[in-house]
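# Structure assessment
Next come the chains, spelled out residue by residue.
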Amino acid sequence: DSVAQGRGIKCSQCTRALKKIKVLAGDNPDEAAVAAALQKGCRLLGRPMGKVCQQLMNKYQDQITEGLQNGNMPRDICTAMGFCRS
């Protein structure tokens, strides 16, 4: 079913993006480190995807920051944001 398939693609993209951001933010990141990692991570995706990435990161930045600071796994953060099924 195409909705589940679309969600699967979004889930893998979200997870992949957050893995990069987690690496960029480093261990024990503060809010500024996460914000900088989000900016850099979105820029690395190139123009069309970067724009979408930026909109999503603006919308979910607090959840991402909190998740990374709590040491949550990227997939768990994506699940909390509704991109992945638990």
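Please refer to the structure higher up on the page.
In this report, the structure presented in the accompanying data block is examined. The shown structure was predicted, so the numbers you read here are calculated from the model rather than taken from an experiment. (Residues numbered from 1 in each chain as written. Predicted model: local features only at pLDDT ≥ 70, side-chain atom pairs only at ≥ 80, totals over all residues. Heavy atoms only, no water.)

### Topic: the nonpolar core
The biggest cluster of nonpolar side chains holds 19 residues, and the ones touching the most others in it are Leu18, Ile21, Met57, Ile64 and Met81. Broken down by secondary-structure element, the contributors of at least two residues to this core are helix H1 (2-25), helix H2 (31-44), helix H3 (47-69) and helix H4 (74-80). With sequence-adjacent residues up to four places away left out, Ile21 is seen in contact with Ala37, Leu38, Met57 and Leu68. (Core = buried A, V, L, I, M, F, W, Y, C linked by side-chain atoms within 4.5 Å. Buried < 20%, exposed > 50% of the residue type's maximum accessible area, 1.4 Å probe, protein only. Helix = DSSP H or I, 4+ residues; strand = E, 2+ residues; numbered from the N terminus. Contact = heavy atoms within 4.5 Å.)

### Quick look at H3
In this model, H3 (23 residues) spans only 28 Å end to end at C-alpha, well below the 33 Å of a helix rising 1.5 Å per residue. Tyr60 marks the point of greatest bend in H3, at about 70 degrees. Listed in full, the buried residues belonging to H3 are Gly50, Cys53, Met57, Tyr60, Ile64, Thr65, Gly67 and Leu68. With its phi angle positive at about 80 degrees, Gly71 sits one or two positions after the end of H3. (Expected span 1.5 Å × (residues − 1). Bend = angle between axes of the 7 residues up to and from the residue.)

### Describing the side chain of Thr65
With respect to the helices and strands, the residue Thr65 is situated in helix H3. Residue contacts for Thr65: discarding those within four places in its chain leaves Glu31 and Val34.

### A short note on empty space enclosed by the protein
Picture a little ball the size of a water molecule; that probe, rolled over the atoms, points out where space is still empty. On inspection of all chains with the given rule, the structure shows one cavity of 30 Å³ or more. In this structure, the largest cavity occupies an estimated 30 Å³ of space. For the lining of the largest cavity, the secondary-structure elements that each account for two or more residues are H1 and H2. The greatest single-element share of the lining of the largest cavity, amounting to three residues, is contributed by H1. For the lining of the largest cavity, the residue count by class is five nonpolar, one polar and one charged. (1 Å grid on protein atoms, 1.4 Å probe; cavity = no way out; pocket = protein on both sides within 12 Å on 5 of 7 lines; lining within 4 Å. Points joined across faces, edges and corners; volume = space filled by probe spheres on them. Nonpolar A, V, L, I, M, F, W, Y, C, P; charged D, E, K, R; others polar.)

### Brief notes about the packing of aromatic side chains
Here the structure, examined in full by the defined rule, presents one aromatic pair. Ring plane angle 70 degrees and centroid distance 5.5 Å describe the contact between Tyr60 and Phe83, whose orientation is recorded as edge-to-face. Here Tyr60 is found in helix H3, whereas its partner Phe83 is found in the segment after H4, with 23 residues between them in sequence. Judged by its relative accessible area of 15%, Tyr60 falls in the buried class. (Phe/Tyr/Trp six-rings, centres within 6.5 Å; stacked < 30°, edge-to-face > 60°.)

### What about unusual backbone geometry?
One non-glycine residue, Asn28, lies in positive phi territory at about 60 degrees. Following the sequence through the fold, Asn28 ends up in the loop between H1 and H2. Given the relative accessible area of 75%, Asn28 is considered exposed.

### Focus on a negative patch on the surface
A contiguous patch of negative charge, built from Asp30, Glu31, Asp62 and Glu66, is present on the exposed surface. Turning to its location among the elements, Asp30 is positioned in the loop between H1 and H2. (Patch = residues over 30% accessible without salt bridge, like charges linked within 9 Å, V, L, I, M, F, W, Y side chains within 5 Å. Areas by Shrake-Rupley, 256 points an atom, 1.4 Å probe, with all protein chains shown as cover. Salt bridge = Lys/Arg side-chain N within 4 Å of Asp/Glu carboxyl O. Lys, Arg positive; Asp, Glu negative; His and termini not counted. Charge placed at Lys NZ, Arg CZ, Asp CG, Glu CD.)

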